[in-house]
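Given next are the chains, with one letter for each unit.
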Amino acid sequence: MKPKRQRFSVFTCNSPVQTFSSVPLFLKYTHKGGHIENIMQALDRQIHSWPLTLFPSFHSVSTFLLNDCNIIGSGIFVSPKGVLENASSVGVAIIVWVTTGVITAIGALCYAELGVTIPKSGGDYSYVKDIFGGLAGFLRLWIAVLVIYPTNQAVIALTFSNYVLHPLFPTCLPPIIGLRLLAAVCLLLLTWVNCYSVRWATCVQDVFTAGKLLALALIIIMGFVQICKGHYYWLEPAHAFETFCDYNVGLIALSFLQGSFAYGGWNFLNYVTEELVDPNKNLPRAIFISIPVVTFVYVFANVAYVTAMSPQELLASNAVAVTFGEKLLGVMSWIMPISVALSTFGGVNGSLFTSSRLFFAGAREGHLPRLLAMIHVKRCTPIPALLFTVSPDKITASISHDIYTLINYVGFINYLFYGVTVAGQIVLRIKEPNMHRPIKVSLVWPVIYLLFWAFLLIFSLYSEPVVCGTGLAIMMTGVPVYFLGVYWENKPKCFDVATGKVTYLCQKLCLVVYPVTEEPKEPLKKDADEKAGDTVQTHD
């Protein structure tokens, strides 16, 4: 049978990478102690008894909780200040929250169709790559590596540390070094949990969802109590649209960016499609349930805020939920910072989980180092991808503590690729009209989304040219990297040898191997190759 030809890039090496069947052998050769040898023999038996892969671990309830926990993170406790500041009035701020929820639901509908049509982990990276080609997919991955996920996780981790330290510094701001150190500890601890066990990571997700739901339920209930007592001055139409600064279309666009950060995570299930049980049913079900629930929670949480605080008090607060609790809960106000800390802790966990799967998918496609596509031989967790995920997070958290600038920064880039992905849905309908689509939505919805997308990007770039322009410039640096790293195939032999040695060393340190992957388009050929045992890697 003709050997299977494999394309290599700067991020892989032409040297044979250790597979699941050969890793125990080279580890035994390296560690000739009796105890290590026995362990390797046991692992060798386990590895040959079943193929290593990422297993479907999320049933319907866990799927809903994962999506809900990823969406409800730090945003609802941070973004209200940013939304109100740019919206210029309470009434417009509430409209922004409702509109952002509706647009998020439309985007989720489009992603639901793409998720079951292209059932691959990696989310919009996989969709953009398959529809528009390797360069577009690589740029999505590049900006996610350098900007989106490090910034997002840094914001959530900094919010966590801010709420944890607030009770210790009630009359002043917590020290910056303390915020950064605690954020780094949070990231490292949750990285270890995700490396140790997928089950542990999902348990953390499920348990800490209770913390955020407790905090938000408490806020909403207290808001209704305030309304029943007649404290709804800022909700009356005559006062809701009183401005504390002039309306500006560019600033309103920025308020949508701030609000979209709170809704961020609505597409995270698309990054773990291969780990969902029955994704054709559970993926759209989780999206259809979670988005309306989150929209309801966010709108009424903001309504509750303005029943206890004036716009000026809200804008002056660095911890909106804590200020709300201090005004209404009295001696029990300590409940609020603890609940918010639990909420953001779970948000960091969910973001780490899904972002590591994106980098795993990128490495599997040859757009990132091949090592990042490997998983632990016993725990089946993508340890290299998780370690790669957390490294820039700590750097981002240590460089900047200005949360609202970070939100504008990441929101612009996120929306840019949301629109590209939704446009890809239309392109795919034209290019592949007969493709099997378990879910098929009207093209009216992606068109509406793209119109809002164009408005948001144009006016955001007008209002924050430096922040948004920096994000675009960083994205474009990925073009030469793509052509040098991926498109150029014939690398110097010394580079391949060096890359191979580094890969082997990291495999030994992390005890990871390349997993078995399915190729749905060529199942018969794959099965035949596996039976014959003649799949060969060749040099380009």
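Attention in this report is confined to the structure presented alongside it.

Analysis parameters
Residues numbered from 1 in each chain as written. Predicted model: local features only at pLDDT ≥ 70, side-chain atom pairs only at ≥ 80, totals over all residues. Heavy atoms only, no water. Core = buried A, V, L, I, M, F, W, Y, C linked by side-chain atoms within 4.5 Å. Buried < 20%, exposed > 50% of the residue type's maximum accessible area, 1.4 Å probe, protein only. Patch = residues over 30% accessible without salt bridge, like charges linked within 9 Å, V, L, I, M, F, W, Y side chains within 5 Å. Areas by Shrake-Rupley, 256 points an atom, 1.4 Å probe, with all protein chains shown as cover. Salt bridge = Lys/Arg side-chain N within 4 Å of Asp/Glu carboxyl O. Helix = DSSP H or I, 4+ residues; strand = E, 2+ residues; numbered from the N terminus. Expected span 1.5 Å × (residues − 1). 1 Å grid on protein atoms, 1.4 Å probe; cavity = no way out; pocket = protein on both sides within 12 Å on 5 of 7 lines; lining within 4 Å. Points joined across faces, edges and corners; volume = space filled by probe spheres on them. Nonpolar A, V, L, I, M, F, W, Y, C, P; charged D, E, K, R; others polar. Axes fitted to C-alpha atoms, helices over the stretch in contact; angles between N-to-C directions. Parallel < 35°, antiparallel > 145°, perpendicular 65-115°, else oblique. Left-handed = near helix turned anticlockwise from the far one by under 90°. Contact = heavy atoms within 4.5 Å.

1. Side note on the nonpolar core
Core analysis: the largest hydrophobic core is formed by 123 residues, its most contacted members being Phe77, Ile219, Tyr298, Tyr305 and Tyr415. Leu158, Ala183, Cys186 and Val193 belong to the second-largest nonpolar core, a separate cluster that totals 18 residues.

2. Describing a nonpolar patch on the surface
A contiguous nonpolar patch, built from Val331, Met332, Trp334, Ile338 and Leu342 and spanning about 510 Å² of accessible area, is present on the exposed surface. Along the polypeptide, Trp334 turns up in the loop between α14 (320-328) and α15 (335-364).

3. Considering the pattern of salt bridges
A full pass over the atoms with the stated rule returns six salt bridges. With a closest N to O distance of 3.2 Å, Glu313 and Lys327 form a salt bridge. Placement of Glu313 in helix α13 (residues 311-316) and of Lys327 in helix α14 is noted, with a sequence separation of 14 residues between them. One continuous salt-bridge network, built from bridges that share partners, spans Glu113, Arg429 and Arg437.

4. Description of helix α5 (residues 90-117)
Look at α5: 41 Å from first C-alpha to last across 28 residues, which is about the 40 Å you get at 1.5 Å a residue. Most of α5 is tucked away: 22 of the 28 residues are buried.

5. Thoughts on empty space enclosed by the protein
Applying the stated criterion across every chain, the model contains five cavities of 30 Å³ or more. What the second largest cavity holds in volume is close to 80 Å³. If you go around the second largest cavity, the residues you meet are Pro80, Val83, Leu84, Val90, Ala93, Ile94, Trp97, Asn302, Tyr305, Val306 and Leu314. Elements with a minimum of two residues in the lining of the second largest cavity: α4 (75-87), α5 and α12 (279-308). Taken together, the residues that form the lining of the second largest cavity break down as 10 nonpolar, one polar and no charged.

6. Notes on the packing of α5 against helix α6 (residues 124-132)
It is the contact of α5 with α6, at a shortest axis distance of 10 Å, that shows an interaxial angle of 70°. Relative to α6, α5 is oriented roughly perpendicular. Crossing of α5 against α6: the hand is left-handed. In this structure, α5 uses Tyr111, Leu114 and Gly115 to contact α6, whose residues at the interface are Asp124, Tyr127 and Ile131. Here the contact of α5 with α6 is composed, by residue class, of four nonpolar, one polar and one charged.

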